[in-house]
Amino acid sequence: MPRAGLTADRLVAAAADLADEVGFDGVTVSALARRFGVKDASLYSHVRGLKDLRTRVALLAGGEMIDRIAAAVAGRAGKDALAAFADAYREYALAHPGRYAATQIPVDQDLVADAPALRRTAEITYGMLRAYGLEEPDLTDAVRLLRSTFHGYCALEAGGGFGAPRDVRRSWDKAIDALHIALTHWPRET
C-alpha cells in the first residue's frame, strides 16, 4: 500500500532538487527514501527503480528547460531568437546543474513519443531554425551543432574551465554571433 503523502510527482520533484544539491549521479532510491524518512521499498509503489526515477527527472527537467526557452523565444526570429534560446539554455544549465545533467541522459525512444516536453523541445528548436531557411537533413545537423556548442560551453563554464581573464559572458555572446553567421550561411545539402 502506498505511504500517505508520497506520490510519483512528489518523489520526482524531490529527486530533481536532490540532483541540484548533490549532482545527478547522487540521485539514488536510497538517498530519496532517506529524504522522506522512509525505507527504500516504500518508493517502489511510485517508481519502478533507479532508471525509472532518473528518466522521470530527465523528463521533468527537460520540460522545465523548454518552458523557459519557449518563453524567451516567443515572438522572436533569427538572431534574436537564437540569442534568447541560447541564454535561456545557459541560465537553466548553470542554475540547475543536477537537473541539467539529467537532460543529457539517453531516454528510451518509446518514452520520447509519449513525452510532450520532448516533442515541444523539437518543435521549438526546429521552428527557430526554420527562420534560417533550413530544411532536413540540414535541420538535424544544425540542431546537433547548437546542442553540442551550448552543452560544451555550459559544461566548461560550470566546471571552471575558462581561465582566461576575458569575461565569460562576452565570449558567450561572440559564440552566438558565430553561430548566427554559420546558420545564415549554412552549407546546404543538395
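Conventions used here
- Residues numbered from 1 in each chain as written.
- Predicted model: local features only at pLDDT ≥ 70, side-chain atom pairs only at ≥ 80, totals over all residues.
- Heavy atoms only, no water.
- Helix = DSSP H or I, 4+ residues; strand = E, 2+ residues; numbered from the N terminus.
- Buried < 20%, exposed > 50% of the residue type's maximum accessible area, 1.4 Å probe, protein only.
- Contact = heavy atoms within 4.5 Å.
- 1 Å grid on protein atoms, 1.4 Å probe; cavity = no way out; pocket = protein on both sides within 12 Å on 5 of 7 lines; lining within 4 Å.
- Points joined across faces, edges and corners; volume = space filled by probe spheres on them.
- Nonpolar A, V, L, I, M, F, W, Y, C, P; charged D, E, K, R; others polar.
- Core = buried A, V, L, I, M, F, W, Y, C linked by side-chain atoms within 4.5 Å.
- Phe/Tyr/Trp six-rings, centres within 6.5 Å; stacked < 30°, edge-to-face > 60°.
- Expected span 1.5 Å × (residues − 1).
- Patch = residues over 30% accessible without salt bridge, like charges linked within 9 Å, V, L, I, M, F, W, Y side chains within 5 Å.
- Areas by Shrake-Rupley, 256 points an atom, 1.4 Å probe, with all protein chains shown as cover.
- Salt bridge = Lys/Arg side-chain N within 4 Å of Asp/Glu carboxyl O.
- Lys, Arg positive; Asp, Glu negative; His and termini not counted.
- Charge placed at Lys NZ, Arg CZ, Asp CG, Glu CD.

Engineer: What's the story with the overall build of the chain in this structure? I'm lost.
Structural biologist: Helices and strands together make up the secondary structure of the chain, namely 9 helices and 0 strands. Secondary structure elements of the chain occur, N-terminal to C-terminal, as α-α-α-α-α-α-α-α-α. On the principal axes, the C-alpha backbone points of the chain span a range of 60 × 40 × 30 Å. Counting across all 190 residues of the chain, residues that qualify as buried make up 41%. Excluding contacts between residues fewer than 6 apart, the proportion of contacts in the chain whose partners are at least 24 apart in sequence is 68%.

Engineer: Looking at this structure, I do not really get the layout of surface pockets. What am I missing?
Structural biologist: Where empty space is left in the structure can be found by rolling a water-sized probe over the atoms. Of the pockets and cavities examined, the largest pocket occupies roughly 840 Å³. Lining the largest pocket are 27 residues, with Thr103, Leu118, Thr121, Val143 and Arg147 positioned closest to its centre. Mapped by element, the contributors of at least two residues to the lining of the largest pocket are helix H3 (50–73), helix H4 (78–95), helix H6 (109–114), helix H7 (116–130) and helix H8 (138–158). Here the lining of the largest pocket is composed, by residue class, of 18 nonpolar, 7 polar and 2 charged.

Engineer: Looking at this structure, how should I read the nonpolar core?
Structural biologist: Side chains that are nonpolar tend, in soluble globular proteins, to be buried together. One finds Ile69, Leu82, Leu129, Phe150 and Leu183 to be the most contacted residues of the largest nonpolar core, which totals 35 residues. For this core, the elements supplying multiple residues, two or more each, are H3, H4, H7, H8 and helix H9 (168–184). With 9 residues, H4 is the largest single contributor of residues to this core. In this view, Phe150 contacts Leu82, Phe85, Ala86, Tyr89, Trp172, Ile176 and Leu179; residues no more than four positions away in its chain are not counted.

Engineer: So what exactly am I meant to see when it comes to the packing of aromatic side chains here?
Structural biologist: The geometry of an aromatic ring pair comes down to the distance between the two centres and the angle between the two planes. Taken as a whole and assessed by the stated rule, the structure comprises 6 aromatic pairs. Consider the rings of Tyr89 and Tyr100, whose centres lie 5.6 Å apart with planes at 75°: the pair is edge-to-face. In this pair, Tyr89 is assigned in helix H4 and Tyr100 in helix H5 (residues 97–102), connecting sequence segments 11 residues apart. When the centroid spacing of 4.7 Å and the interplanar angle of 40° are considered together, the rings of Tyr153 and Phe162 count as tilted. For Phe162, a relative accessible area of 32% gives the class partly exposed. Chaining the aromatic ring pairs together yields one cluster made of Phe85, Tyr89, Tyr100, Phe150, Tyr153, Phe162 and Trp172.

Engineer: How should I be thinking about unusual backbone geometry in this particular structure?
Structural biologist: Apart from glycine, the bulk of residues carry a negative phi angle, and the bulk of peptide bonds sit in the trans form. Here Glu136 and Pro137 are connected by a cis peptide whose omega angle stands at 5°. Looking at the element boundaries, Pro137 is found in the loop between H7 and H8.

Engineer: What's the story with H3 in this structure? I'm lost.
Structural biologist: Along an α-helix, a turn takes 3.6 residues, which lines up residues three or four apart on a common side. Between the first and last C-alpha of H3 there are 34 Å, a value that for 24 residues agrees with the 34 Å anticipated at 1.5 Å per step. Just past H3, the residue Gly75 takes up positive phi, approximately 80°.

Engineer: Before we go on, may I ask you to explain a negative patch on the surface in this structure?
Structural biologist: A cluster of like negative charges, contributed by Glu135, Glu136, Asp141 and Glu189, occupies part of the molecular surface. With a relative accessible area of 58%, Glu135 lands in the exposed category.

Honestly, it's all geometry; don't read function into it.
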